[in-house]
Every structure is written in structure tokens, then in C-alpha cells.
Amino acid sequence: LNEVARGQEPRRLFPRFEAPVPMIRQRARGVLEAMKLGRDTAAAFLKPPEPDEEEAQEETKGAEEKGEGADEVKRHYATRAEVNKAWDAALARHPKIAQDELAGYAAEETLDDALTYLEGEGAVLQSHTSGIVHLNPPWLAETVKPLADHRLREG
């Protein structure tokens, strides 16, 4: 399967496999991580996490699950309106970067694409009906787990 995924002939089976992630999506990741950790979102837009930093964040998540020291999550979710506001504020604070990286696309459309991409990675979870973006999906899973217990036993 690995050879087929990377193969070029007759055509790539997964055209986006191992493709570079557009920097604007990394910037969206930075803004959302900053919201989750209670940090400056515009600063996070300017310096989004690098791929090596993402691996370090995964290790931090593992340490966090074990109760070891890690960045403390301040927010587990935000409304989509709050996410849009933080995104627009970051774009306004860094107009040159925004102009270069948005490349003529609408800011909201770019944010939608980034959220969909990050949701596919498991970094966020969108609830379109309620207008909430879950910034910390593992927290949501743990919170809902008792409600979704199908064994119907007394707690």
C-alpha cells in the first residue's frame, strides 16, 4: 500500500499524500492553539507551530494525559463567531502576510478550509449546528463518555 500511495504511475492514488501544508493553514492552527491555551492569537498567527513543534506538542499531549507538566488548556471550545473574530483580528494585525498568503481567497473561506483540514487531523472538532469549534477534542470525548455509556448501569 505504501508503494501504491507514493507511486506516480499511472497516476497517484492519493494526490495530496505527503503534500506540503499551506502556511495559512499552519497559521490557523497557531491561532486555534493560542485560543485553547489562552495566549495571544495574533502572535500565534505570526509564528505558527513548525512541523517539529507539532511533534513536540503530540509528546506534550501524551505527558498531559499522564498528569505530567504541560501547557494548561484554558478553553476547550469557542463559538465559531469567536474563532472568526480572532482570525480576522490576526489578519488585520498582519496585513502583508494575509495579502500574500490568502492569494485572493476570502478570509472566511480560507478559515473554513483550514478548520476542515484540522478537523481531519483530529486537532479540532466542528459542531456546525451549534456553531461551536471544539479546541480540545480529547476533553470532549472524556466529558461525553459517561453520557454515551450504552451499558445502562447506575453510576
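Residues numbered from 1 in each chain as written. Predicted model: local features only at pLDDT ≥ 70, side-chain atom pairs only at ≥ 80, totals over all residues. Heavy atoms only, no water.

Peer 1: Tell me what's going on with the sheet that holds strand β3 (residues 132-134), and back it up with residues and numbers.
Peer 2: The strand order across the open sheet built from 3 strands is β1-β3-β2, with neighbouring strands paired in antiparallel fashion. Single-partner strands in this sheet number two, and they are β1 (77-79) and β2 (125-127). With direction set aside, neighbouring strand axes in the sheet form an average angle of 20 degrees. As judged from the 3 bridges shared by β1 and β3, these two strands associate in the antiparallel manner. Within the sheet, the bridge partner assigned to threonine 79 lies in β3 and is isoleucine 132. (Pairing = 2+ DSSP bridges. Helix = DSSP H or I, 4+ residues; strand = E, 2+ residues; numbered from the N terminus. Axes fitted to C-alpha atoms, helices over the stretch in contact; angles between N-to-C directions.)

Peer 1: Mind laying out the pattern of salt bridges, listing which residues take part and the relevant values?
Peer 2: Taken as a whole and judged by the stated rule, the model has 8 salt bridges. Residues arginine 29 and glutamate 121 are paired through a salt bridge, measuring 2.8 Å at the closest nitrogen-oxygen approach. With a gap of 92 residues between them, arginine 29 in helix α2 (residues 23-37) and glutamate 121 in helix α7 (residues 107-121) connect regions that are remote in the sequence. In this structure, the salt-bridge partner of lysine 96 is aspartate 100, at a minimum N-O distance of 3.2 Å. (Salt bridge = Lys/Arg side-chain N within 4 Å of Asp/Glu carboxyl O.)

Peer 1: Tell me about the confidence of the model for the chain, and name the residues and values.
Peer 2: When pLDDT is averaged across the chain, the result is 84; 75% of the residues are at 70 or more. The lowest-confidence element of the chain is helix α4 (residues 51-65), averaging 53 in pLDDT; the highest-confidence one is β1, averaging 98. (pLDDT = per-residue confidence, 0-100.)

Peer 1: Give a description of helix α6 (residues 95-102) that names residues and reports values.
Peer 2: For an α-helix, 3.6 residues make a turn, and residues three or four places apart therefore share a direction. When we look at burial in α6, the residues that qualify are Ile97, Ala98 and Leu102. Buried residues of α6 fall within an arc of 110 degrees about the axis and therefore sit on the same side. Away from its buried face by more than 90 degrees, α6 exposes Lys96 and Gln99. Residues of α6 that are buried in the fold lie against α2, α3 (41-46), α5 (80-93) and α7. Directly after α6, the chain includes alanine 103, whose backbone phi takes a positive value near 50 degrees. (Buried < 20%, exposed > 50% of the residue type's maximum accessible area, 1.4 Å probe, protein only. Arc of directions from axis to C-beta. Contact = heavy atoms within 4.5 Å.)

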